[in-house]
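# Overview (structure and organization)
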Amino acid sequence: MLNVLLQSARPTHAPTFTSIFRHLGALGLFFLAILDSTPIPTFGGPDILMAILAASHRDPWYEYAVVATAGSMIGAYLTFRIARTAGSAYMNSKFGAGKVSASLKLFEKWGTGVLAASTVVPFPFPTSMFFAAAGASNYPLARYLAIVSVGRAVRYSAIAIVADLYGRHFIRVLRHPTQYWGWLLVFVAMIFALIAAGILINKRLAAASAG
């Protein structure tokens, strides 16, 4: 009887942000991916939830990758359209004038590269700010959607495959990235090298066609 009273007296923990979406499974991942592509902060929520779901082997890993990519595309499109309609006023209200000015200058100089990097690298990155910067500028919508879709598909597929193979070990890396900074730096360097190579090839092809 005493044990029952003690157990009932213990405080119950409120469900966490990720656990709520985890309970919904693929549907929760879909909605969380939408939020992640808007100015609402999720702190890497889709990446962690993707790893948890893929590691559980409840459904094939590629289903989670497709669902997350689709949700991210919807959120990215909404952010783009709102920023294109409202312009810099929308960005200033969501991110602050100082950050907006810096992000616009960075986007004007490295538009495609910054956009690709922000969608592929699985770390806390001001992705939605660059989505909004693309909308507020004259960046073509078709190219924007193509880059976001490919980048997100690569990112979520890679996370889902590794989580499917290594399970809890990979989830631990996502939750405590500073403990594995060496490998993560190598991964980031590889991603940026691939993006830089793609931009260089694209420029050379454009120069060759113009000549």
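Model, not experiment: these values are computed from the prediction.

What counts, and at which threshold
Residues numbered from 1 in each chain as written. Predicted model: local features only at pLDDT ≥ 70, side-chain atom pairs only at ≥ 80, totals over all residues. Heavy atoms only, no water. pLDDT = per-residue confidence, 0-100. Helix = DSSP H or I, 4+ residues; strand = E, 2+ residues; numbered from the N terminus. Contact = heavy atoms within 4.5 Å. Expected span 1.5 Å × (residues − 1). Buried < 20%, exposed > 50% of the residue type's maximum accessible area, 1.4 Å probe, protein only. Core = buried A, V, L, I, M, F, W, Y, C linked by side-chain atoms within 4.5 Å. Salt bridge = Lys/Arg side-chain N within 4 Å of Asp/Glu carboxyl O. Polar contact = N/O pair within 3.5 Å; in protein donor to acceptor, adjacent residues only side chain to side chain. Patch = residues over 30% accessible without salt bridge, like charges linked within 9 Å, V, L, I, M, F, W, Y side chains within 5 Å. Areas by Shrake-Rupley, 256 points an atom, 1.4 Å probe, with all protein chains shown as cover. Axes fitted to C-alpha atoms, helices over the stretch in contact; angles between N-to-C directions. Parallel < 35°, antiparallel > 145°, perpendicular 65-115°, else oblique. Left-handed = near helix turned anticlockwise from the far one by under 90°. Nonpolar A, V, L, I, M, F, W, Y, C, P; charged D, E, K, R; others polar. Phe/Tyr/Trp six-rings, centres within 6.5 Å; stacked < 30°, edge-to-face > 60°. Lys NZ or Arg CZ within 6 Å of the ring centre and 35° of its normal.

With that settled, consider the confidence of the model for the protein chain. Here the protein chain averages 75 in pLDDT, and 64% of its residues register 70 or above. At the low end of the mean pLDDT range in the protein chain sits helix H1 (residues 2–9), at 36; at the high end sits helix H5 (residues 61–86), at 93. Segment residues 1–14 is flagged for pLDDT under 50; beyond a separation of four residues in sequence, or across chains, it makes zero contacts in the model.

Attention now moves to helix H4 (residues 45–56). Here H4 contains twelve residues, and its C-alpha end-to-end distance of 17 Å stays within 8% of the 16 Å for a straight helix at 1.5 Å per residue. Taking burial as the measure, the twelve residues of H4 include eleven buried ones, the bulk of the element. Inspection of H4 places Gly45, Pro46, Asp47, Ile48, Leu49, Met50, Ala51, Ile52, Leu53, Ala54 and Ala55 among the buried residues, and these make up the whole buried set. One or two residues past the end of H4 sits His57, with phi positive at roughly 60 degrees.

Ranked by size, the top nonpolar core spans 20 residues in total, and within it Phe107, Leu115, Tyr139 and Tyr144 carry the most contacts. Those elements that provide at least two residues to this core are H5, helix H6 (88–95), helix H7 (97–120), helix H8 (127–136) and helix H9 (141–166). Non-local contacts of Phe107, meaning those with residues more than four positions away in its chain, are made with Leu115, Phe130, Ala133, Ala134, Ser137 and Tyr139.

So, about the pattern of salt bridges. Two side chains that carry opposite charge are able to pair once their charged atoms sit near each other. Counted by the stated rule, this structure contains two salt bridges. In this structure, Asp36 and Arg152 form a salt bridge, with 3.6 Å as the shortest nitrogen-oxygen distance. On the criterion of sequence distance, the pair formed by Asp36 in helix H3 (residues 26–36) and Arg152 in helix H9 is long-range, its members being 116 residues apart. When the shortest N-O distance is used, the salt bridge between Asp47 and Arg155 registers 2.5 Å. Of this pair, Asp47 sits in helix H4 while Arg155 sits in helix H9, and the two are 108 residues apart along the sequence. This pair shows no difference in class: Asp47 is buried, exactly as Arg155 is.

By the element assignment, Thr85 lies in helix H5. On the accessibility criterion, Thr85 (68% relative accessible area) is exposed. Between the C-alpha atom of Thr85 and that of Gly135, which follows or precedes it by 50 residues, the distance is 8.1 Å. For Thr85, the side chain forms a polar contact with the main-chain oxygen of Arg81, separated by 2.9 Å.

Bringing a nonpolar patch on the surface into the picture now. A surface patch of nonpolar side chains, about 330 Å² in accessible area, is lined by Ile74, Tyr77, Leu78 and Ile82. Looking at the element boundaries, Ile74 is found in helix H5.

Interaxial distance between H3 and H4 falls to 9 Å at its minimum, and their mutual angle equals 160 degrees. Taken as axis vectors, H3 and H4 run roughly antiparallel relative to one another. For the element pair H3 and H4, the recorded crossing hand is left-handed. Here Ala26, Gly28, Leu29, Leu32, Ala33 and Asp36 of H3 lie close against H4, whose contacting residues are Gly45, Pro46, Leu49, Met50 and Leu53. Residue composition of the contact of H3 with H4, grouped by class: eight nonpolar, two polar and one charged.

Here we take up the packing of aromatic side chains. The tally for this structure, following the rule as stated, stands at four aromatic pairs. Ring plane angle 70 degrees and centroid distance 5.5 Å describe the contact between Phe30 and Phe31, whose orientation is recorded as edge-to-face. Taken together, the aromatic side chains of Phe80, Phe131 and Tyr144 make up a single cluster linked through ring pairs. The ring of Tyr139 carries the charged tip of Arg143 above its face, separated from the ring centre by 5.5 Å.

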